[in-house]
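Single-letter residue listing:
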Amino acid sequence: MLSVPVSLRRYLKVAKGPKLFFIILALILVFNWLFFGSVILGPFGLGSTPASVKSFRHLLNPAYLNVLQNTAGFQGRATIPVKGREIIPNVNDAGTLKQLTLDILFGMQVQGTESGDDKRYFYTPDFFEDIETPEGEKTNDIQKIVSDFKSLGRKVFAGSNSPKVVLVVGLDFEKYEIDYLQKVLPNRQEYAAKYGYGLYARWVQEFTPRLQSYGNFGSNWWRVILLREAMSAFPDAEFFWYLDEKCLILRDDINLQRYLLEPGVLGQAMLRDHPIVLPESAVRTYRSVDPQDISIILTQDSYGLSTDTMIVKNDLYGKAFLEYWGDRLYRGYENFADNEIKALAHILQWHPYLLGRTAIVPSRMINSLHTDEKAKKDASRSYQKGDFVVNLRSCRLRTGCDALAVSYLNDVVK
Amino acid sequence: MSDTRDGSEKDVPETLESPYGFGYSNTFKPRKQGFKIGDLFKASFYRNKKGSNSRYNFRLISLIVVVVTLISVISVIPSFFRLKQSKVVIILAANEGGGVQRWKTPQEWSVERSSIANKREYAERHGYILTIKDVSLKRRYSHEWREGWEKADILKQTMRQFPDAEWFWWLDLYTFIMEPEVDLEQYLLNHVENKTYRTIEHFNPLGIDAQIPYTDTMNSPVDLVLAQDCGGFNLGSFFLRRSEWSELLLDLWWDPALYDQKHMEWEHKEQDCLEMMYSQMPWVRNRVGFVPLRAINSFPPGACSDQRDDPRYFYNEKERDFLVNMAGCNYGDRSCWDEYEYYRKLQKKHREKKWFWW
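Just so you know, the residues in each chain are numbered from 1, in the order the chain's sequence is written. By the order in which they are written, chains take letters starting at A while ligands take numbers starting at 1. This being a predicted model, a pLDDT of at least 70 is required before a residue's local features are given, and a value of 80 or more before pairs of side-chain atoms are given or counted; all residues contribute to the totals for chains, interfaces and linings. To get the side-chain values, take all heavy atoms of the structure and skip hydrogens and water.

Which entries qualify depends on this criterion: UniProt positions are given in the numbering used here, feature names are shortened, and annotations may be inferred rather than shown by experiment.
If you check an unreviewed UniProt entry, chain B appears there as DEKNAAC103096 from Brettanomyces naardenensis. On record in UniProt, under Sequence similarities (unreviewed entry), the comment for chain B is "Belongs to the glycosyltransferase 34 family."

Looking at an unreviewed UniProt entry, one finds chain A named DEKNAAC102804 and attributed to Brettanomyces naardenensis.

Take a look at the structure:
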């Protein structure tokens, strides 16, 4: 203020209007300088800073921006909507499918190896979309059965009211006699219908090429793949209960949700501080876990973890668990290739976040083992009258299972 | 004399309850009269008595007072907007190698100092939290060939350390922020879903499948923002949001069964593993958002030198890219120090230029 020339000071002293103007101007300049860093340009001076400071939009290619995906299951986006709560194959086709053999159902390449010829199966294009039959040609029964087999994996639930719980089962037409399969599927259907649950059943053979590509053919690795497929077929369901085909539900009066899934009940049932690998392991289930947080429910048999029955929640943890477990690097790992249970035990022992979402429940809640009359019974695992589920693990394949199933199914509590 | 005064200072506190009465210190001298605002006005009134231009003086004083208050108040205002806890934490990985395999040269020390100063200035300017993490070679990581996975452990630990922060920005040491004015929230983090590519189709040097089953990006937020260079994913500069997903990712990132099979192939360790998880697992894919490399991680001409004509990788002075990452400046005939000094001077030049704009 003092440096203002004397003449100007005199002028200002006399003239009142310009003085006010100069004061306001000076204030504006100071304001601009402090706020915008540019005395004269003020807010407009911001335009002089490069645009890249505010956004990197000039680097983006709008063609790929906001491209969102919702890819369907493994067999592609040509899905077949199903209104009902059951996505199941026709069990009566089992005999025909068995006669047709995999050679007809899939594409096939024969590779010569040291131990003889090796058949490599692959999915043909008609697995991924409907291929129209030439006009005038009538499809016969066999063709119908084949096309049903190929399109089963594309069926997704599209009803208005999604079930909360979905029962999942894989049917093997080579391992079990048709009579037995004709009892397992109705067993699930009756139970699911009673409580409005969904039912998702697939032929185990459908997964053959996927198993072959990582050396899992003949193993039970398809269970992991099947569960993930089920989640994609019922996207709005909450729980997926995989119950193996050799298990039967014997108590239709027990509602799974009230029996096990409600947090209050699960909190009582889950085994805390319990070894993952039997008989004893350093890694144990956590002592204080909120049952609300549980996304994976497993049981154990006398050897350790069992995959005959698993309940997986349809959330981030459930999906990540199945995708990580079924990853090709796990399936292809020499220690795990023939046995998915080894991989499961490995995951739970190395990854505390997944272990924290896992509950192990007493076997007899959902996985009571059938024991031969001569064999010694184990009170904590062997089936006793009144149990929810029986696991006919020891039945003789192809001959004995059906007879055993009949004896149990007579006693089903409706 | 002075001895006794020092001694008495300890015994007799200089308070109002002094035994020597109000206004007197222990030195028996009258206390100096402090400045009082009233004096200013008194002075002007005295002038008034003399009949000189007192009104002018009064106005002058009050104008000075007003301007000074205005300046002090205005300069404080911006900090009011930052009173809320910062949502962004910058993690700077320093002390790479830690001088274990060879001595750290003075130039390396110098680069490290400039890098830290650069980030510190940036963080202070925007009110972000800067945390510097030591990534020197450690025995527990060399044991299972898992040096790269220290990154996941540091991220986990930092998330615990700053429980209120939302975004965590990992920066390698040899990065330099060229435009300190960039406000990360405005630039990238607000509406991050609209600013990132949700598929790999835009740029795919690794040939990853563009579509895999079970992907659903429709209803997923973006929790990991990263860029790709000529060789695939680049983890020299990336953003991770705190969420269930990111905690799970950090947990599943390292797995002995995967690493047992791949440790010979995975040259870039955790980077290759993330690429594998992205290419195979839809749950990972759902929450990854890509940005162009130059948005968060421009290269100097030395990096990606096989494709030196591709403008997508390299720092563009005209467009004023945000950050330069001198990745791999330790290798070949490149010099970290020379490159670092070049960009440091360039940034200084850019900032000086601005002052001439008024």
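From this point, things continue past the structure.
### Quick notes on the overall build of chain A
The line we're drawing: Helix and strand labels come from DSSP, where a helix needs a run of H or I of at least four residues and a strand needs a run of E of at least two; each type is numbered from the N terminus. Exposed residues in this analysis have more than 50% of their type's maximum accessible area, buried residues have under 20%, and partly exposed residues fall in between, with area computed by a 1.4 Å probe over protein chains only. By definition in these notes, contact holds between two residues if any of their heavy atoms fall within 4.5 Å. Calculation of accessible area relied on Shrake-Rupley with a 1.4 Å probe; when residues are assessed, cover is drawn exclusively from the protein chains displayed.
Regarding its fold elements, chain A presents 15 helices and 14 strands. Put simply, chain A has 414 residues, and 50% of those count as buried. Put simply, of all contacts in chain A between residues at least 6 apart along the chain, 70% involve residues at least 24 apart. Approximately 20000 Å² of chain A is accessible, and the part contributed by carbon and sulfur atoms is 54%.

### Description of the packing of helix α10 (residues 316-325) of chain A against helix α9 (residues 244-252) of chain B
A pair of packed helices is characterised by two quantities: the angle between their axes and the separation of those axes. What counts is decided by this rule: In this analysis an axis means a line fitted to C-alpha atoms, helices contributing only their contacting stretch, and an angle means the value between N-to-C directions, from 0 to 180 degrees. What sets the label is the angle itself: under 35 degrees gives roughly parallel, over 145 gives roughly antiparallel, 65 to 115 gives roughly perpendicular, and the rest give oblique. Whether a crossing is left-handed or right-handed is set by the direction in which the near helix is turned from the far one by less than a right angle, anticlockwise for left-handed and clockwise for right-handed. Residue classes follow a fixed rule: Ala, Val, Leu, Ile, Met, Phe, Trp, Tyr, Cys and Pro count as nonpolar, while Asp, Glu, Lys and Arg count as charged, and any other residue, Gly among them, counts as polar.
Closest axis-to-axis distance for the α10 of chain A/α9 of chain B pair is 11 Å, and the angle between their directions is 25°. Between α10 of chain A and α9 of chain B, the crossing angle belongs to the class labelled roughly parallel. Of the two possible hands of crossing, α10 of chain A and α9 of chain B adopt the one that is right-handed. The residues of α9 of chain B that touch α10 of chain A, namely those facing L316, Y317, A320 and Y324 of chain A, are E244, W245, L248 and L252 of chain B. Split by residue class, the contact of α10 of chain A with α9 of chain B holds seven nonpolar, no polar and one charged.

### Here's the deal with the pattern of salt bridges
Worth spelling out the cut-off: What makes a salt bridge here is a side-chain nitrogen of Lys or Arg within 4 Å of a carboxyl oxygen of Asp or Glu, nothing more.
Overall, the coordinates contain 38 salt bridges over all chains when judged by the stated rule. The partner of D387 of chain A in a salt bridge is R364 of chain A, and the shortest N-O contact between them spans 2.8 Å. With D387 of chain A in the loop between β13 (368-369) and β14 (389-391) and R364 of chain A in helix α14 (residues 363-366), this pair connects stretches of sequence that are 23 residues apart. The exposure class of D387 of chain A is buried, given its relative accessible area of 8%. Of the residues examined, R364 of chain A reaches a relative accessible area of 23% and is grouped as partly exposed. Of the charged contacts in the structure, one is a salt bridge between D310 of chain B and R312 of chain B, with a shortest N-O distance of 2.9 Å. A relative accessible area of 15% means that D310 of chain B is categorised as buried. On the accessibility criterion, R312 of chain B (46% relative accessible area) is partly exposed.

### Some words on the interface of chain A and chain B
To be explicit about the condition: Buried area is understood as the total, over both parts, of accessible area removed when two parts are fitted together, assessed with a 1.4 Å probe. Polar contact criterion, stated in full: a pair of N or O atoms within 3.5 Å, where within protein one must be able to donate a hydrogen and the other to accept it, and residues adjacent in sequence count only if both atoms are side-chain atoms.
Contact residues are listed per partner, giving 63 residues for chain A and 64 residues for chain B. Of the roughly 5900 Å² buried between chain A and chain B on both sides combined, carbon and sulfur atoms contribute 64%. Three residues, F56, Q69 and L329 of chain A, lead the burial of chain A against chain B; their summed loss comes to 13% of the area buried on that side. Our count for the chain A to chain B interface comes out at 18 residue pairs in polar contact (both at pLDDT 80 or more). At the level of secondary structure, the elements contributing two or more residues to the side of chain A that touches chain B comprise α2 (16-36), α7 (222-233), α10, α11 (328-331), α12 (340-350) and α13 (352-355) of chain A. Among the elements that make up the side of chain A that touches chain B, the one with the highest residue count is α2 of chain A (seven residues). Taken together, the residues of the side of chain A that touches chain B sort by class into 34 nonpolar, 17 polar and 12 charged.

### Comments concerning the packing of α7 of chain A against α10 of chain A
Residues and elements named next belong to chain A. Orientation of α7 relative to α10, taken along the N-to-C sense of each, is 145°, at an axis distance of 9 Å. Note on packing geometry: the crossing formed by α7 with α10 is left-handed. Of the residues in α10, those in contact with V224, L227, R228 and M231 of α7 are G318, K319, L322, E323 and W325. Broken down by class, the residue content of the contact of α7 with α10 amounts to five nonpolar, one polar and three charged.

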